[in-house]
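# Architecture and fold: a report
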Amino acid sequence: MIVDIDLSFFVADARQIKLKVLRLDTEDVITGGNKSFKLKYNLQEAKNCNKNCIVTLGGAFSNHIAAVAHQCNRENLKSVGIIRGDDLLQRNVTLKRAEEDGMKLIFVNRKDYHELRTADETLLQSLIKPLLEQNAIDSTTCYLVPEGGNNQLGFKGSCEILNLPTDDYDFVCCAAGTGTTLAGLAASIKPHQTAVGIAAVNDYDFINKNVSTYLSQSQSHGEYKLIMDYTFGGFGKSNPELRKFTEEFSALTSITIEPVYTGKMFYGILQMIRKGEFPQGSNILCVHTGGLQYLQI
Ligand SMILES: *Cc1c(COP(=O)(O)O)cnc(C)c1O
């Protein structure tokens, strides 16, 4: 579903720029958004390999953890979440729901977690095996999805986000965490279009390298830009101005956004419009990638 944003709420002189939103958030609050695209081919592959348990990793508020747990429950797959941080006896909404969806949670300290998230596929497999075995899980039944669904099959799924008529747009924008979604957009746009990623994480080299690796393996791709000016200090960081903006935006447009990803994207895109960084008359499409699961009780 694509909807219009009335720019006069936010920008004094919009110079005939038009802004629309591709709402991936309306599908399902837990499994919708960009995560369903990144999971689609991973779950298919797991089944093709006769694996009945999905193992993945994430932070305590991770939208990816929430989506994996819920989708696995729906598809009768087991799931294991390796969670950054010490065992949180007081579960937050994300972890409580993940457990209700049948996900087994394994907590690892920040140092060990860092080693896991930066490991390559082979090292990751070897680091995770003992963790699973300590928890009496047979690792031969498990299929590993990296943090955030950041792998080739996640990229393949992200290339389907624009599978609807979007030729009219000059710019297609999304929030970027690992950049897998941005790569998917960049790989599926037309030559006259540019993909714009507003980074939600303060790590240009990580995102940029990830995007260019995916694109170098794809048949063709369009131009992309990675904008680092609206990270608000890093992943999960925000300030009163950003939080006030997300509330106002949600109230004025009836499209709920949050400060971790989509708030930064819309804040950034509107600032770029104000600063004249998009040409007069541009047609801009922002992808609402979801991320609202932790707001739902
Ligand atoms: C995970 C997530 C992203 C980041 O996606 P990447 O493909 O890792 O860049 C963006 N928006 C929302 C709402 C997310 O949950």
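Calculation notes
Residues numbered from 1 in each chain as written. Predicted model: local features only at pLDDT ≥ 70, side-chain atom pairs only at ≥ 80, totals over all residues. Heavy atoms only, no water. Near = heavy atom within 4 Å. Polar contact = N/O pair within 3.5 Å; in protein donor to acceptor, adjacent residues only side chain to side chain. Areas by Shrake-Rupley, 256 points an atom, 1.4 Å probe, with all protein chains shown as cover. 1 Å grid on protein atoms, 1.4 Å probe; cavity = no way out; pocket = protein on both sides within 12 Å on 5 of 7 lines; lining within 4 Å. Sits in = over half its atoms within 2 Å of the grid points. Helix = DSSP H or I, 4+ residues; strand = E, 2+ residues; numbered from the N terminus. Phe/Tyr/Trp six-rings, centres within 6.5 Å; stacked < 30°, edge-to-face > 60°. Buried < 20%, exposed > 50% of the residue type's maximum accessible area, 1.4 Å probe, protein only. Points joined across faces, edges and corners; volume = space filled by probe spheres on them. Domains from an automatic or database assignment. Contact = heavy atoms within 4.5 Å. Buried area = accessible area lost by both parts, 1.4 Å probe. Salt bridge = Lys/Arg side-chain N within 4 Å of Asp/Glu carboxyl O.

### Considerations on the site of the ligand
- In the region of the ligand, 15 residues are neighbours, and K35, N63, T178, T181 and T289 sit closest.
- The side chain of N63 places a nitrogen or oxygen atom 2.7 Å from an oxygen atom of the ligand.
- Within the side chain of T289, a nitrogen or oxygen atom sits 2.6 Å from a nitrogen atom of the ligand.
- Protein chains shield 98% of the accessible area of the ligand, which is 390 Å² for the free molecule.
- Applying the majority rule of atoms within 2 Å of the grid points places the ligand in the largest pocket.
- If one sorts the elements of the shell around the ligand by residue count, helix 1 (residues 34–48) sits on top with three residues.

### Focus on the packing of aromatic side chains
- Inspection of every chain in the model, using the stated rule, returns 12 aromatic pairs.
- For the ring pair F10 and F249, a centre distance of 5.4 Å and an interplane angle of 25° mean the geometry is stacked. Separated by 239 residues along the polypeptide, F10 in the loop between strand 1 (2–5) and strand 2 (18–23) and F249 in helix 9 (residues 240–253) bring together distant segments of the chain. The same class applies to F10 as to F249, namely buried.
- Relative to Y267, the ring of F245 lies with its centre 5.4 Å away and its plane at 90°, an arrangement referred to as edge-to-face.

### Considering empty space enclosed by the protein
- A full pass over the atoms with the stated rule returns two cavities of 30 Å³ or more.
- By volume, the largest cavity amounts to about 50 Å³.
- Lining the largest cavity are V29, I30, G32, G33, N34, K35, N63, T289, G290, G291, L292 and Q293.
- Shared between two domains, the lining of the largest cavity holds at least three residues of each, these being domain 1 (2–29 + 155–295) and domain 2 (34–152).
- The computed volume of the second largest cavity comes to approximately 30 Å³.
- Lining the second largest cavity we find D25, D28, V29, G32, G33, G290, G291 and L292.

### Description of the domain arrangement of the protein chain
- Under the domain assignment used here, the protein chain contains domain 1 (2–29 + 155–295) and domain 2 (34–152).
- When each unit is reduced to the centre of its C-alpha atoms, the spacing between domain 1 and domain 2 is 26 Å.
- With 20 residues of domain 1 at the contact, the number on the domain 2 side is 19 residues.
- Of the roughly 1,800 Å² buried where domain 1 meets domain 2, counting both sides, 44% is carbon and sulfur surface.
- The largest per-residue losses of area from domain 1 upon contact with domain 2 belong to E160, Q293 and Y294, which jointly make up 29% of the total buried on that side.
- Here domain 1 is connected to domain 2 by two salt bridges.
- Across the salt bridge formed by E160 and K40, the nearest N and O atoms sit 2.7 Å from each other.
- Inspection of the domain 1/domain 2 interface yields 16 residue pairs in polar contact (both at pLDDT 80 or more).
- Those elements giving two or more residues to the side of domain 1 that touches domain 2 turn out to be helix 6 (152–158), helix 7 (180–188) and helix 8 (204–216).

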